[in-house]
Amino acid sequence: MAEDCLVVTVDGPSGSGKGTLARLLAERLGFHWLDSGALYRVLALAALRRGLSLEDEAGLARLARGLDVRFEASGAGEPRVFLDGEDVTADLRTERCGAAASRVAALPAVRRALLDRQRAFCRPPGLVADGRDMGTVVFPEAPVKIFLDADLEERARRRYKQLKEQGIDANLRGLLDELAKRDERDRSRPVAPLRPAPDATVLDSTRMSIDEVLERALELVSRVQPQPR
Ligand code: C5P
């Protein structure tokens, strides 16, 4: 890890608010942001479009290594994501894509293929990286590690609201089942399972507002970087 790049990792299950926290933290600190889930989602989308089997580990790893993906900042919102030059930001947010991402993410060769790409996001002055294994595998030496959790029902409600706001049709019951299934797959897989790093601070956001979570996170960063910008 580059010495002049301070890494803050934010891991947690789907809908815990880690993406929102990571984006706000990056904004407040003037850091870069890696949404690692988007990489797995782009890969899944590329595989679905090419008709590649989600079990073809070697084929998916090859696809991951050659993936033409670009992130472009878009003001205060989430960055836009381009696959082969096409803006696929909206396609990535569907549950179909999330479920397929969670399947390809369980394959060890795929995870290895995306490792260097993720580490390359680390540039001065710092990086906020969100995902499932940022603190355990990708940036194990990060000085600030946060594991953001929340009750399943609350996470499903948040995801429902988020999708509705984006104009994507959603069903709360279906979402809850899908999240539970995805969590189970992410937690039980043999490689890089979803779990807090031993040195992570676990925050339960079920009854916390995003501002409260952000303040707690900034406080943790200030312990290693006394004057965050
Ligand atoms: O965070 P997001 O819901 O976009 O991630 C989609 C899927 O990608 C997750 O369910 C998980 O299986 C996988 N993922 C992962 N490791 C990461 C980020 C995401 O396995 N660091």
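Relevant structure appears above.
In this text the structure is predicted, and so the values were computed from the model without any measurement.

1. Focus: helix 1 (residues 18–29)
For helix 1, which comprises 12 residues, the first-to-last C-alpha distance of 16 Å matches the rise-based estimate of 16 Å (1.5 Å per residue) to within 8%. Tucked into the core, helix 1 has its buried residues touching strand 1 (6–11), strand 2 (32–35), strand 6 (126–131), strand 7 (144–149) and helix 10 (210–224).

2. Regarding the pairing of strand 7
Burial of strand 7 is extensive: five of the six residues sit out of reach of the surface. Relative to strand 7, strand 1 is paired through four bridges, and the arrangement is parallel. What sits directly across from valine 10, in strand 7, is isoleucine 146. In terms of strand pairing, strand 7 meets strand 8 (residues 201–204) through four bridges, oriented parallel. Considered in strand 8, the bridge of leucine 148 is made with leucine 203.

3. Notes on the layout of surface pockets
Space inside the largest pocket adds up to approximately 970 Å³. Lining the largest pocket are 44 residues, and of these Gly17, Gly19, Thr20, Arg159 and Gln162 sit closest to its centre. Among the elements of the structure, helix 1, strand 2, helix 2 (36–50), helix 5 (95–104), strand 6, helix 8 (152–165), helix 9 (172–188) and helix 10 are those that each provide at least two residues to the lining of the largest pocket. Broken down by element, the residue count for the lining of the largest pocket peaks at seven residues, all from helix 8. Along the lines of polarity and charge, the residues of the lining of the largest pocket split into nine nonpolar, 16 polar and 19 charged.

4. Side note on the packing of helix 8 against helix 9
Here helix 8 crosses helix 9 at 120°, and the two axes come no closer than 9 Å. On the basis of the axis angle, helix 8 is oblique to helix 9. Here helix 8 and helix 9 pass one another in a crossing that is right-handed. Across from Leu152, Glu153, Arg155, Ala156, Arg157, Arg159, Tyr160 and Leu163 in helix 8, the residues of helix 9 making contact are Leu172, Leu175, Leu176, Leu179, Ala180, Arg182, Asp183 and Arg187. Tallied by class, residues from the contact of helix 8 with helix 9 come to nine nonpolar, no polar and seven charged.

5. A closer look at the site of the ligand
Close contacts around the ligand come from 16 residues, with Arg41, Arg111, Asp133, Arg182 and Asp186 the closest. Here arginine 132 contributes a side-chain N or O atom positioned 2.9 Å from an oxygen atom of the ligand. About the coverage of the ligand: the protein hides 98% of its 450 Å² of free accessible area. In this structure the site holding the ligand corresponds to the largest pocket. Listing elements by their share of the shell around the ligand, those giving two or more residues are helix 2, helix 5 and helix 9. Broken down by element, the residue count for the shell around the ligand peaks at four residues, all from helix 2.

6. Quick notes on the nonpolar core
Ranked by size, the top nonpolar core spans 41 residues in total, and within it Leu34, Leu67, Leu127 and Phe139 carry the most contacts. A total of eight residues in this core trace back to one element, the largest contributor, which is helix 2. Beyond its immediate sequence surroundings of up to four residues, leucine 67 is in contact with Leu39, Val42, Leu43, Ala46, Leu83 and Arg117.

7. Some thoughts on empty space enclosed by the protein
Empty pockets left among the atoms are what a rolling probe the size of a water molecule brings to light. Counted by the stated rule, this structure contains one cavity of 30 Å³ or more. A volume near 70 Å³ is recorded for the largest cavity. Around the largest cavity sit Trp33, Asp35, Ala38, Phe71, Glu78, Pro79, Val81, Thr89, Leu92 and Arg93, which together line it. Among the elements of the structure, strand 2 and helix 4 (89–92) are those that each provide at least two residues to the lining of the largest cavity.

Parameters and conventions
- Residues numbered from 1 in each chain as written.
- Predicted model: local features only at pLDDT ≥ 70, side-chain atom pairs only at ≥ 80, totals over all residues.
- Heavy atoms only, no water.
- Helix = DSSP H or I, 4+ residues; strand = E, 2+ residues; numbered from the N terminus.
- Expected span 1.5 Å × (residues − 1).
- Contact = heavy atoms within 4.5 Å.
- Buried < 20%, exposed > 50% of the residue type's maximum accessible area, 1.4 Å probe, protein only.
- Pairing = 2+ DSSP bridges.
- 1 Å grid on protein atoms, 1.4 Å probe; cavity = no way out; pocket = protein on both sides within 12 Å on 5 of 7 lines; lining within 4 Å.
- Points joined across faces, edges and corners; volume = space filled by probe spheres on them.
- Nonpolar A, V, L, I, M, F, W, Y, C, P; charged D, E, K, R; others polar.
- Axes fitted to C-alpha atoms, helices over the stretch in contact; angles between N-to-C directions.
- Parallel < 35°, antiparallel > 145°, perpendicular 65-115°, else oblique.
- Left-handed = near helix turned anticlockwise from the far one by under 90°.
- Near = heavy atom within 4 Å.
- Polar contact = N/O pair within 3.5 Å; in protein donor to acceptor, adjacent residues only side chain to side chain.
- Areas by Shrake-Rupley, 256 points an atom, 1.4 Å probe, with all protein chains shown as cover.
- Sits in = over half its atoms within 2 Å of the grid points.
- Core = buried A, V, L, I, M, F, W, Y, C linked by side-chain atoms within 4.5 Å.

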